[in-house]
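Listed below are the residues making up each chain.
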Amino acid sequence: MKILLIDNNDSFTNNLEHLLVKEIAGARVAVVPHSDVLPCAENVANEHAKLSFDVDDFDLFVLSPGPGKPQDYSGYGPLLDSGKPVLGICLGMQIINEHFGGRISRLEGCFHGRTEKIYFAGHHLAVARYHSLYCEIVGQGLEVIAANSQNVPMAIAHNERPLLGYQFHPESFLTEDAGVFIDYALDFFGISLL
Amino acid sequence: MTTPSIFSESVCFDRFREIASHFVKLHNADVLLTSPGFGECGQSFIGLFPDGELVVCAEFLAVSSVDSYADSIVLDVKDFAFSDDRPTIGYVSYECGQAVRSVSTEKSTQYPFVHLKKYKAVLVHDEAESRVKCLCADDELTFSIAQEMQEAGSIVDTDLPNISIQDVSMSLNQSEYEDGVRDTLEYIKDGLTYQLNLSTMLSLRLDELDPAAWFFALNKNFPAPYYAMFQSGDKHIISTSPELFLRVEGGKVTSEPIKGTLHFDDYYPELEDELTSSPKEDAELSMIVDLVRNDISADCKYGSVIVENHKSVFAVDKLLQMYSRVRGELAEGRDCLDLFFNAFPGGSITGCPKKSSMELIEKLEPHGRGPYCGSVVVINGPQDMVSSIAIRTAVYDQTTKDLTYWAGSGIVIDSKPEAEYLETLAKAGKILNPSQS
């Protein structure tokens, strides 16, 4: 199974790579900086809204966390509209939300480097959160599938496309039973490992 | 390839420190010195009679040339360190970290990016075994070093200079530092950083300082595991660091990030609970643990990266410090310098996410960090290295008589500007007010 992990200048991307390899049998993960593969201003050669890779070369795309807001990371549109499975983590989830017209706002008090227990697909697990911003309004076609006690969206999914986002960090050492979240994603995308 | 002639004899730590002091005074030796009681970090080194050095000088870093320049630094360091099997000792500056992380700066620096040396002889002391051995290819020199070791006298107790804060100029004074904390809190709210290490630079002229006497007196009075005294041109780098950046032993990787600080006057055990039960200090450390996991994962085998002893506590300089141990195993085809430069500078002194935090630090701090927040390193081979994070670090310039020291604090969303300033001053305590620290 080939996974393209797109790095948004983050410092947890290698943790995510190691988690994907651990939890997905036979996973081969390529990590690329977003500015190398997306049609954004920093990448003049691709200014005609083209991705620098063929989406059919990969089975799954993962958008890493990262500093800042979705508007700082333009160029994900063609990937999100390609029909290929995309899992967004933290900023990655906010990028998906932004693409469908959702609103990202400052989260009162922020939440960094701490865990919170959430209900997720029949589980009650402590998840690590690192975020200053949150999905205040979810975009069209997106659904909140898990939220915390304050109703801050913790996981969103598209109701037609294979797009899934986690606001929390399954790759953190603080997150309990991270495999649950990877298994759920594969199941949601209809990716079978055999 | 040199085949070292080795002698090995029984020497306790205190005696080794006297020997180190002797060789520094007589031969300008470079020294990496631990202190007793810090567990497995108990190796000390004396580098004698340098016969090779690598100085990678800082240039003005134009944005466009940053990446290629970084690659050439790594290659140069590997060529030098792995050219033979002798130990390499030296330091890497924070500005080198800016170069390898592609963070552009317009500040000029008076410190080389990298200064490494090889020596005709290196004395290695192992605290646990109470033994010293000499790595030297020259039998005659080995013999004379053994002779000279006998002559080393005791270290004369000297008073530490008591420096008045009024004589010190600070790159960020109290109100500027607190403004920096407030700016950082806004960056945190914007999601540009979760934690950012903000430092200030303290400088003063100190005509009468004997840097070697000062170094050994500090080591005696303020034990810490990663002391180092390294001569770089006219400058003495004097590091009293308690923090391990990376240790690689036969390909096994350990990092021990420190985050969470509690200043105390009299120690009692409940203080440790006060530190470990603080949600703020807990979050500070947890973030950096995830960051360090990330940083070593780039060169470690899949599945090998683990966290041990999360939220351990130790005391140093009248501060309780919390730390964790992150371990991993070098991946096939990777060496300790791949690891070093992919993980550099250490996450505990940048913040997280690293590159974004470093870009903000560049805006917030008017000073360059130089050796501070860089690393003092001994490279014993492609799979063996010990490197500290050069915090609690000073530079004494023998020509200008300027003493420069830096101190900083990790800013998170719950940080209070004044408290962070006071923590920063506490970390400068052993320099500013040694008699009260």
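The sections below set out a description of the structure shown in this document. Because the structure is predicted, anything quoted here is derived from the model rather than measured. (Residues numbered from 1 in each chain as written. Chains lettered and ligands numbered in written order. Predicted model: local features only at pLDDT ≥ 70, side-chain atom pairs only at ≥ 80, totals over all residues. Heavy atoms only, no water.)

Comments concerning the overall build of chain A
The cut-off we apply is this: Per the convention used, a helix needs a DSSP run of H or I reaching at least four residues, while a strand needs a run of E reaching at least two, with both numbered from the N terminus. The globule rule used here is 2.2 Å times the number of residues to the 0.38 power, and the radius of gyration it is set against is calculated over C-alpha atoms. Each residue's exposure class comes from its accessible area (1.4 Å probe, protein chains only) as a fraction of the maximum for that residue type: buried when under 20%, exposed when over 50%, partly exposed otherwise. Should any heavy atoms of two residues lie within 4.5 Å, those residues are considered in contact. Only the protein chains shown count as cover for residues, and all accessible areas are computed by the Shrake-Rupley method using a 1.4 Å probe. None of His or the chain ends enter the tally, which takes Lys and Arg as positive and Asp and Glu as negative. Where a charge sits is defined by one atom per residue type, namely NZ (Lys), CZ (Arg), CG (Asp) or CD (Glu).
Across its full length, chain A holds five helices and nine strands. Relative to its length of 194 residues, chain A is compact, with a C-alpha radius of gyration of 15 Å against a globular reference of 16 Å. Residues classed as buried in chain A amount to 62% of the 194 residues present. Here the contacts in chain A between residues at least 6 apart in sequence split such that 65% fall between residues at least 24 apart. Carbon together with sulfur atoms contributes 45% to the accessible area of chain A, which is approximately 7,800 Å² in total. For chain A, the distance from the average position of its 12 positive side-chain charges to the average position of its 24 negative side-chain charges is 3 Å.

A word on the interface of chain A and chain B
Put simply, the rule reads: Buried area is understood as the total, over both parts, of accessible area removed when two parts are fitted together, assessed with a 1.4 Å probe. Any carboxyl oxygen of Asp or Glu within 4 Å of a side-chain nitrogen of Lys or Arg constitutes a salt bridge here. Note on residue classes: Ala, Val, Leu, Ile, Met, Phe, Trp, Tyr, Cys and Pro are nonpolar, Asp, Glu, Lys and Arg are charged, and everything else, Gly too, is polar.
Residue-level contacts link 26 residues of chain A with 31 residues of chain B. Interface area, chain A with chain B, both sides summed: about 2,500 Å², of which 55% is carbon and sulfur. The interface formed by chain A and chain B holds two salt bridges in total. Where the side of chain A that touches chain B is concerned, the elements lending two or more residues are α1 (13-23), β5 (103-120) and β6 (123-137) of chain A. Of the residues that constitute the side of chain A that touches chain B, the class distribution is eight nonpolar, 13 polar and five charged.

Side note on the sheet that holds strand β9 (residues 163-166) of chain A
All names here are of chain A. This is how it is decided: Whether two strands pair depends on DSSP finding at least two bridges between them. Simply put, an axis is a line fit to the C-alpha atoms, just over the touching stretch for a helix, and the angle between two N-to-C directions goes from 0 to 180 degrees.
An order of β2-β1-β3-β4-β9-β8-β7 is seen for the seven strands of this open sheet, with the pairing classed as mixed. Bordering the open sheet on either side are β2 (28-33) and β7 (142-147), each of which pairs with just one other strand. If you compare each strand with its neighbour and ignore which way they point, the axes differ by 20° on average. Pairing between strand β4 (residues 86-89) and β9: four bridges, direction parallel. Paired with Ile 89 across the two strands is Tyr 166, which belongs to β9.

Looking at unusual backbone geometry
For the peptide bond that leads from B:Phe344 to B:Pro345, omega is -5°, which places it in the cis range. Mapped onto the secondary structure, B:Pro345 falls in the loop between α9 (336-343) and β16 (351-352). Geometrically, the link from B:Cys352 to B:Pro353 is a cis peptide bond, its omega value of -10° lying close to zero. Backbone geometry places A:Cys110, a non-glycine residue, at a positive phi of 55°. One can find A:Cys110 in strand β5. Of the residues examined, A:Cys110 reaches a relative accessible area of 6% and is grouped as buried. The backbone phi angle of B:Ser130 is positive, close to 50°, even though this residue is not glycine. Structurally, the position occupied by B:Ser130 is in the loop between β5 (114-126) and β6 (131-136). Overall, the relative accessible area of 26% leaves B:Ser130 in the partly exposed class.

Concerning helix α8 (residues 279-297) of chain B
The criterion, for reference: The span expected for a helix works out to 1.5 Å for each residue beyond the first.
End to end, α8(B) covers 27 Å across 19 residues, agreeing with the expected 27 Å (1.5 Å per residue, within 8%). Most of α8(B) sits inside the fold, with 17 of its 19 residues counted as buried.

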